[in-house]
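The chain contents come next:
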Amino acid sequence: MKSVLIFLGVIAFLLGMYIGYDQNQNSQRPANASFWDQQAYVWQRVWTPQHHDALKQSHDLFSGLRILGLQLNRGEVIRKIAVDAQLLKQDGRPVWLVVRLDGQLPNIDQTLVYDNLLSQLQQWRRAGLTVTGVEVDYDAASSKLRDYQQFIQLLRTKLPRDLQLSLTALPTWINSPDLPALLQQADISVLQVHAVLSPDKGLFDAGLAAGWIERYARLTAKPFYVALPAYGMGLAGYEDQKPLVESEAPVRIAGQMQELSVAPQAMADFLSQLRQQQTPNLKGLVWFRLPLESDRRAWSMSTLKAVILQQPLASEWVVELQAQPDQSNQTNSLFNLILRNTGQIDGVLPSEITLPAGKCQIGDAVGNYQLNADNQQLRFIRTHSQQLRAGQSQAIGWVRCTQIDQGEIHVTP
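Note that this is a predicted model, so its numbers are computed, not measured. (Residues numbered from 1 in each chain as written. Predicted model: local features only at pLDDT ≥ 70, side-chain atom pairs only at ≥ 80, totals over all residues. Heavy atoms only, no water.)

### Points about the overall build of the chain
Alright, step 1. On a plain count of helices and strands, the chain comes out with 9 helices and 22 strands.
Alright, step 2. The buried share of the chain, reckoned over its 413 residues, is 46%.
Alright, step 3. Taking the intrachain contacts of the chain between residues at least 6 apart in sequence as the baseline, contacts between residues at least 24 apart amount to 74%.
Alright, step 4. Accessible area of the chain: about 20,600 Å², with a carbon and sulfur share of 50%. (Helix = DSSP H or I, 4+ residues; strand = E, 2+ residues; numbered from the N terminus. Buried < 20%, exposed > 50% of the residue type's maximum accessible area, 1.4 Å probe, protein only. Contact = heavy atoms within 4.5 Å. Areas by Shrake-Rupley, 256 points an atom, 1.4 Å probe, with all protein chains shown as cover.)

### Description of the nonpolar core
Alright, step 1. The biggest cluster of nonpolar side chains holds 99 residues, and the ones touching the most others in it are Leu101, Val136, Tyr148, Leu228, Phe270 and Trp287.
Alright, step 2. In contact with Tyr148, not counting residues within four places along its chain, are Ile108, Val136, Tyr138, Leu167, Trp173 and Leu182. (Core = buried A, V, L, I, M, F, W, Y, C linked by side-chain atoms within 4.5 Å.)

### Notes on the packing of helix 4 (residues 110-126) against helix 5 (residues 145-158)
Alright, step 1. Helix 5 packs onto helix 4 with a crossing angle of 35° between their chain directions and a minimal axis gap of 11 Å. Helix 4 and helix 5 meet at a crossing whose hand is right-handed. Here Gln110, Val113, Tyr114, Leu117 and Leu118 of helix 4 lie close against helix 5, whose contacting residues are Phe151, Leu154, Leu155 and Lys158. (Axes fitted to C-alpha atoms, helices over the stretch in contact; angles between N-to-C directions. Left-handed = near helix turned anticlockwise from the far one by under 90°.)

### Let's talk about the state of the cysteines
Linking two cysteines covalently through their sulfur atoms gives a disulfide.
Alright, step 1. Counted by the stated rule, this structure contains 1 disulfide.
Alright, step 2. Each sulfur of the disulfide joining Cys360 and Cys401 lies 2.0 Å from the other. Across the S-S bond of Cys360 and Cys401 the torsion is about 105°, and the bridge reads as right-handed. Here Cys360 is found in strand 17 (residues 360-365), whereas its partner Cys401 is found in strand 21 (residues 393-401), with 41 residues between them in sequence.
Alright, step 3. A relative accessible area of 0% means that Cys360 is categorised as buried. (Disulfide = S-S within 2.5 Å.)

### Concerning the packing of aromatic side chains
How two aromatic rings sit relative to each other is given by the distance of their centres and the angle of their planes.
Alright, step 1. Summed over the entire model, instances satisfying the criterion amount to 12 aromatic pairs.
Alright, step 2. A ring pair is formed by Tyr138 and Tyr148, whose centres lie 4.7 Å apart and whose planes are at 55°; its orientation type is tilted. Here Tyr138, found in strand 5 (residues 131-138), pairs with Tyr148, found in helix 5; they are 10 residues apart in sequence, far enough to count as distant. In terms of burial, Tyr138 and Tyr148 fall into one category: buried.
Alright, step 3. Pairing Tyr148 with Phe151 gives two aromatic rings, centres 6.3 Å apart and planes at 15°, and the pair type is stacked. Taken as a pair, Tyr148 and Phe151 lie in helix 5 at a separation of 3 residues, close to a single helical turn. Accessibility classification places Tyr148 together with Phe151 in one group, the buried group.
Alright, step 4. Here the aromatic residues Tyr114, Tyr138, Tyr148, Phe151 and Trp173 are joined through ring pairs into a cluster of three or more.
Alright, step 5. One Lys or Arg, Arg66, reaches over the ring of Trp96 and ends 4.2 Å from the middle of that ring.
Alright, step 6. Lying across the ring of Tyr225, Arg66 places its NZ or CZ 5.0 Å from the centre. (Phe/Tyr/Trp six-rings, centres within 6.5 Å; stacked < 30°, edge-to-face > 60°. Lys NZ or Arg CZ within 6 Å of the ring centre and 35° of its normal.)

### Details of the pairing of strand 21
Alright, step 1. Where strand 14 (residues 333-341) lies against strand 21, 8 bridges are found, and the strand directions are antiparallel. Bridge assignment links Arg340 to a residue of strand 21, and that residue is Ser393. (Pairing = 2+ DSSP bridges.)

### Structural notes on the sheet that holds strand 19 (residues 377-382)
Alright, step 1. Strands sit in the order 18-19-16-22 across an open sheet of 4 strands; the sheet is antiparallel. Strands at the two margins of the open sheet, each flanked by one partner only, are strand 18 (369-373) and strand 22 (410-412). The mean angle between the axes of side-by-side strands here comes to 20°, regardless of whether they run parallel or antiparallel.
Alright, step 2. When strand 16 (residues 352-356) meets strand 19, the two strands line up antiparallel, connected through 5 bridges. Opposite Leu355, over in strand 19, you have Leu378 as the bridge partner.

### Brief notes about the side chain of Gln39
Alright, step 1. With respect to the secondary-structure elements, Gln39 resides in strand 1 (residues 37-42).
Alright, step 2. For Gln39, the side chain forms a polar contact with the side chain of Asp37, separated by 3.1 Å.
Alright, step 3. Ignoring anything within four residues of it in the chain, the contact list for Gln39 reads Phe62, Ser63, Gly64, Arg66, Trp96, Tyr225, Leu285, Val286 and Trp287. (Polar contact = N/O pair within 3.5 Å; in protein donor to acceptor, adjacent residues only side chain to side chain.)

### Looking at the pattern of salt bridges
Alright, step 1. Tallying each qualifying case throughout the model produces 12 salt bridges.
Alright, step 2. For Asp178, the salt bridge goes to Arg146, with nearest N and O atoms at 3.0 Å. Of this pair, Asp178 sits in the loop between strand 6 (164-169) and helix 6 (179-184) while Arg146 sits in helix 5, placing them 32 residues apart in sequence.
Alright, step 3. Taking relative accessible area as the criterion, Arg146 reaches 53% and is therefore assigned exposed.
Alright, step 4. Glu214 is the partner of Arg218 in a salt bridge, and the nearest nitrogen-oxygen pair spans 3.7 Å. Separated by 4 residues within a single helix, Arg218 and Glu214 lie in helix 7 (residues 206-219), roughly one turn from each other. (Salt bridge = Lys/Arg side-chain N within 4 Å of Asp/Glu carboxyl O.)

### Observations regarding the confidence of the model for the chain
Alright, step 1. For the chain, per-residue confidence averages 87 on the pLDDT scale, and 83% of positions sit at 70 or higher.
Alright, step 2. Low pLDDT, under 50, characterises residues 17-33; the stretch is placed with 6 contacts to residues that sit more than four places away or in other chains. (pLDDT = per-residue confidence, 0-100.)

### A few points about the sheet that holds strand 21
Alright, step 1. Sheet architecture is open: 4 strands sit in the order 13-14-21-17, paired in antiparallel fashion. Each having just a single partner strand, strand 13 (317-324) and strand 17 make up the two edges of the open sheet. In this sheet, adjacent strand axes meet at a mean angle of 30° when their direction is disregarded.

### Some points on the pairing of strand 12 (residues 282-288)
Alright, step 1. Within strand 12, 6 of the 7 residues are buried, which leaves it mostly tucked inside the rest of the structure.
Alright, step 2. Note: strand 1 against strand 12, 4 bridges, orientation parallel. Residue pairing for strand 12: Gln39 is matched across the bridge by Val286.
Alright, step 3. Relative to strand 12, strand 8 (residues 224-229) runs parallel, the two sharing 6 bridges. Its bridge partner being in strand 12, Tyr225 is matched across the sheet by Gly284.

Following this line, the structure appears as structure tokens:
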């Protein structure tokens with residue numbers, strides 16, 4: 001009996017040590033511990049001092065950076081992106097050199113791409129960057145995949161053996177019989193599930209994305225990531241069935257922009273759903289794109305972090321009335337309406353803002369709103385969806401009112 005008690009005591013002691021060790025390990029886990037590996041695309045073609053702050057703020061959030069380093073567009077010369085190598089060296093995270101090839105190219109000039117890629121790669125390594133691999137981003141039609149496979153197969157032989165090769169894949173490729181053979185040429189792939197299919201579907205459709213991921217997982221036997229959107233864009237229309245968009249950089253496109261965006265809560269709900277699925281070989285997520293302070297269409301870093309770490313998401317709206325000098329000696333006053341996001345995360349602009357018509361007789365809307373008025377209300381109705389970052393404000397119009405209280409202004413999310 002005594003030996004049994006001693007044995008049980010030893011077991012209890014060892015179990016206590018294990019529990020204590022496990023709790024200590026949990027306490028030492030990084031703050032960015034999440035369900036998948038998290039990485040980010042750095043997609044700016046011009047680097048600025050804002051990259052310093054963005055890299056610092058994201059250091060504990062992303063394990064690696066996929067950086068646009070080379071770009072070849074139709075009708076243009078090949079472009080090497082002048083990244084801040086010293087800043088990246090100080091950052092210390094592994095990086096991927098991303099080569100962006102325009103899907104509208106009649107064909108890929110292999111020698112041109114190979115020579116410039118290897119030159120850029122050598123330059124990055126001489127600067128002291130920890131280069132994990134090369135990623136090729138080619139948004140071509142499925143009919144080009146067979147030729148693309150040959151290009152990738154030859155590229156694999158030219159890259160240093162210690163580098164990985166990654167490909168981005170489009171959902172439209174999933175139905176192609178040439179996709180499995182193409183994926184065999186790479187070590188890893190990134191399925192991009194954000195795209196402008198139509199204005200009503202926006203940038204991201206959770207149902208479509210879930211289906212694409214499920215089907216893609218059955219097609220590849222190798223690890224893959226999913227690229228998710230953390231940005232918005234302006235849609236100016238279509239040309240040759242291709243969307244004309246303005247995203248991280250302004251472009252000169254005539255006509256009215258339709259703003260497309262992805263709500264953080266919608267993405268959080270999608271990730272919650274994805275966590276419940278068994279997805280073979282899904283290694284992690286790559287977020288597009290690393291936000292800079294001046295990047296008005298990208299989510300703020302705080303919002304991106306909240307979505308990834310499954311933190312509470314809430315934006316709060318306040319409509320401020322800014323009185324303007326009245327030079328007409330009228331009994332009512334002219335006010336500018338300023339919408340402010342006082343919450344902790346970015347949010348999609350409210351769908352409607354109403355004021356009592358009895359106290360506000362006339363007005364007009366600007367920006368993303370239009371004014372509908374009747375005998376009871378002045379209704380500022382959102383016409384285009386757009387994100388407004390936490391702490392930022394935006395003018396939505398003006399009204400002429402008698403004395404009005406803040407509580408008489410109603411905001412509908």
